[in-house]
Amino acid sequence: MKLARDTWLTFQYEAGQLVHNPVSVAVSLLQPITYLLFFTPFLKSVMGASSYGDAYRIYVPSLFVAMGLYSGLFAGFALLAAIRQGVITRFRVTPLSRVGLLLGTELMWVVLVGFQAVIVTVVAFIFGMRLPLISLLLALLLLAMMVLIGVSLSYFLALFVPNQSLLGNLINAVATPIGLLAGILIPLSVAPLWLRDVALWNPFAWAANGMRAIFGGHAGAQVVWEGGVILAGLAAMAVVASSRLFTREIS
Amino acid sequence: MIEVSGLRKSFKARRKRKVTSVEAVRGVDFAVQRGEIFGFLGPNGAGKTTTLRMLATLIHPDGGDATIAGADLRRSPAQVRERIGFVAQAGGTYGQSTARRDLVHQARMYGSPKSTAKGLAEATIKAFQLDEFADRRNSTYSGGERRRLDIALGVIHSPQVIFLDEPTTGLDPQSRARMWQEVRRLRDQGMTIFLTTHYLDEADALCDRISIIDAGLIVAEGTPSDLKREISGDVIIVDLAASDTAGAPEPAAMLEASKILSDQAYVHSCETIDSTLRLYVDSAATAIPQVMRALSNKEIEPGAIESRRPSLDDVFLAKTGRTLAHR
């Protein structure tokens, strides 16, 4: 009960910082919207999509995976900033549940990325992409699990490499192969066989396949459930591991 | 209110690929009474902050025991957290947040429901006179304003004990005086205050009792006046830098002067600090003429001679062989 209350309290406080600073939220939307507006036309001609609606159907699922992966992974920077400003220390000397502190912050990231995804969907809708509401909700669920995995991984890295510039390089070193092997820039279908075998071990590749199926109108496809189960298991493990990390000493 | 015995902590440090253990706190004992302002005085790196962080449940002690407001530090850290407030040296607020938002949230972290928390925040804003800027972004505050917010956050739940880590470091004299006033006000409300400082005047003027800590060990404890009384008599400071050249004296001349004065029967001890000699004597009035005579017999001309009452720095020097001032 206390855990739920403290999670909600932390979420309210962290989300409140965002609500009171809408400019930072707007800036965080720039990248996905830019990709949406400028990358999709390329894709339309390369993939030979018949309409913009079709091109968005191909690209938006990739963009969701990219947003889940990158937004999650960069959460470690915010954690380092909070530690440097002494905010985490101040929270940790109060009776606030330390697991609640972690979960509330992770929830804030899930909601922020979810919000970005909804905006992206609205823009894509304006340009002709159509998607049943239930499919969108399913896609958002997959996205939420990706964010949880990304944030946990990022916190893990941030607490072991408490140095901003090194963390940046490390996150890029982790994110680039995961992103490439999820086929979010170039589809894995054009990759050589050995690369596709490697990608079988990449949960984000499963997520990307599931996302594409959902946007392609096959929300009930096997690949969606497979991806969902893999992500759910991994997200649960990631959250447990990072809450252990959070209850340790943080200096 | 606070009882500490044998508290220890060491850190692993990596130097030239070798992992060595650095003993930050090497077994400290002290007790703080209810309603007291207790100061930990020591140079940077003496173990003040490490001790404080252990008592605030942020890091686990390697050994020793502590009881804070009746709660056992090792067995029930959660209880300790409920009963204490802690203000870190670095503060602890987001620049883009506001004092009011942070105060409401802080009260809620201590379990207050939303409406109570709002009332508490309002009362705290009044008490610490934060009204003027409470709804502005924290990043726009002056150093003194931010410090006042930090302390307000630390005491919004009316803890029995409040820990302040170097509460006035980096503040201008006016803000420091104001902060001393706030600390005394908290004590008058019945809080027990444990603070660290490396300012001698702060320990002297603000604290009811102090512990002097150096290299992880407590070297002296008592009220500032008791500690100073241990150093009997007066202090004479002989500045050997010639007043006209302003240059430092020859090391050989310093050594000779130090030797001559140490040999004088009326000098209890003589310490060399930069270009000055610090002499501990029973009475400055009778010693100064003799010091002048002894020096001029050897044709040493001091630039200046002054006398004063012993300070906490003299206590620190007597206990550690080093001086705390001029750092």
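Trainee: Describe helix α11 (residues 312–320) of chain B, listing the residues and the values that go with them.
Mentor: Residues and elements named next belong to chain B. Taken residue by residue, α11 has L312, D313, D314, V315, F316 and L317 as its buried positions. The N-capping residue of α11, defined by a side-chain oxygen 3.2 Å from the backbone nitrogen of D313, is S311. Just downstream of α11, G321 is the residue with a positive phi angle, here 80°.

Trainee: Break down helix α10 (residues 284–297) of chain B for me, citing the residues and quoting the values.
Mentor: All names here are of chain B. Here α10 is 14 residues long and its end C-alpha atoms lie 20 Å apart, about the 20 Å a rise of 1.5 Å per residue gives. Turning to α10, its buried residues number three or more, namely A284, A287, V291, A294 and L295. Down the axis of α10, the smallest arc covering the buried residues is 90°, so these residues share one side. Among the exposed residues of α10, those pointing more than 90 degrees away from its buried face are A285, R293 and N297. Where α10 is buried, its residues touch β11 (234–239), α9 (251–262), β13 (276–281) and β14 (304–308). Where α10 begins, one side-chain oxygen reaches toward the backbone nitrogen of A285, 3.4 Å away; that side chain belongs to S283. After α10 finishes, the residue E299 shows a positive phi value of roughly 60°.

Trainee: How would you sum up the nonpolar core? Please name residues and give values.
Mentor: Core analysis: the biggest nonpolar cluster contains 75 residues, and V60, F64 and M211 of chain A have the highest contact counts within it. The element that contributes the greatest number of residues to this core is helix α7 (residues 133–160) of chain A, accounting for 16 residues. Residues in contact with M211 of chain A, not counting those within four places in the same chain, are P61, F64, V65, A139, L142, L143 and M146 of chain A. The next biggest cluster of nonpolar side chains, apart from the first, holds 49 residues, and it includes I151, I193, L206 and L317 of chain B.

Trainee: Before we move on, can you summarise the environment of R100 of chain B with the specific residues and values?
Mentor: Residue and element names in this part refer to chain B. You can see R100 is positioned in helix α3 (residues 99–109). Exposure remark for R100: the relative accessible area of 26% places this residue in the partly exposed category. Spatially, the C-alpha atom of R100 lies 63 Å from that of E256, the residues being 156 residues apart in sequence. With residues up to four places along the chain from it excluded, the contact list for R100 reads E122, I125, A134 and D135. A distance of 2.8 Å separates a polar atom in the side chain of R100 from a polar atom in the side chain of D135.

Trainee: Break down the sheet that holds strand β2 (residues 18–32) of chain B for me, with residues and values.
Mentor: To summarise the sheet geometry, strands pair through backbone hydrogen bonds and adopt either a parallel or an antiparallel arrangement. All names here are of chain B. If you walk across this open sheet you meet the 4 strands as β2-β1-β4-β5, and the pairing is antiparallel. At either margin of the open sheet sits one strand with a lone partner, and together these are β2 and β5 (71–72). The pairing of strand β1 (residues 2–15) with β2 spans 12 bridges and is antiparallel. In the sheet register, R14 faces β2, and the bridge partner there is V19. Docked against the sheet, helix α1 (residues 48–55) engages β1, β2 and β4 (63–68), running at close to 115° with respect to β1.

Trainee: Which residues make up the pairing of strand β10 (residues 217–222) of chain B, and what values do they have?
Mentor: As paired elements, strand β9 (residues 209–214) of chain B and β10 of chain B share 5 bridges and run antiparallel to each other. Paired with I212 of chain B across the two strands is A220 of chain B, which belongs to β10 of chain B.

Trainee: Can you lay out the packing of aromatic side chains for me, pointing to particular residues and giving the numbers?
Mentor: The tally for this structure, following the rule as stated, stands at 19 aromatic pairs over all chains. Both rings, one in Y13 of chain A and one in Y94 of chain B, keep their centres 6.2 Å apart while their planes meet at 25°; by these two values the pair is stacked. Residue Y13 of chain A is found in helix α1 (residues 2–19), and its partner Y94 of chain B is found in the loop between β6 (84–87) and α3; the two belong to separate chains. Neither Y13 of chain A nor Y94 of chain B differs from the other in exposure class; each is buried. Grouping aromatic residues by their ring pairs yields a cluster made of F30, F38, F40, F163 and F194 of chain B.

Trainee: Any chance you could break down the sheet that holds strand β7 (residues 161–165) of chain B for me, citing the residues and the numbers?
Mentor: All names here are of chain B. Strand order in the open sheet formed by 6 strands is β6-β7-β8-β3-β9-β10, and the pairing between neighbours is mixed. For this open sheet the edge positions go to β6 and β10, each flanked by a neighbour on one side alone. Within this sheet the neighbouring strands show an average axis-to-axis angle of 15°, counted without direction. Pairing between strand β3 (residues 37–41) and strand β8 (residues 192–197): 5 bridges, direction parallel. Counterpart to F38 in the pairing with β8 is F194. Where helix α5 (residues 143–155) meets the sheet, it contacts β6 and β7, and its direction lies at approximately 160° from that of β6.

Quick notes on the rules
Residues numbered from 1 in each chain as written. Chains lettered and ligands numbered in written order. Predicted model: local features only at pLDDT ≥ 70, side-chain atom pairs only at ≥ 80, totals over all residues. Heavy atoms only, no water. Buried < 20%, exposed > 50% of the residue type's maximum accessible area, 1.4 Å probe, protein only. Helix = DSSP H or I, 4+ residues; strand = E, 2+ residues; numbered from the N terminus. Polar contact = N/O pair within 3.5 Å; in protein donor to acceptor, adjacent residues only side chain to side chain. Expected span 1.5 Å × (residues − 1). Arc of directions from axis to C-beta. Contact = heavy atoms within 4.5 Å. Core = buried A, V, L, I, M, F, W, Y, C linked by side-chain atoms within 4.5 Å. Pairing = 2+ DSSP bridges. Axes fitted to C-alpha atoms, helices over the stretch in contact; angles between N-to-C directions. Phe/Tyr/Trp six-rings, centres within 6.5 Å; stacked < 30°, edge-to-face > 60°.

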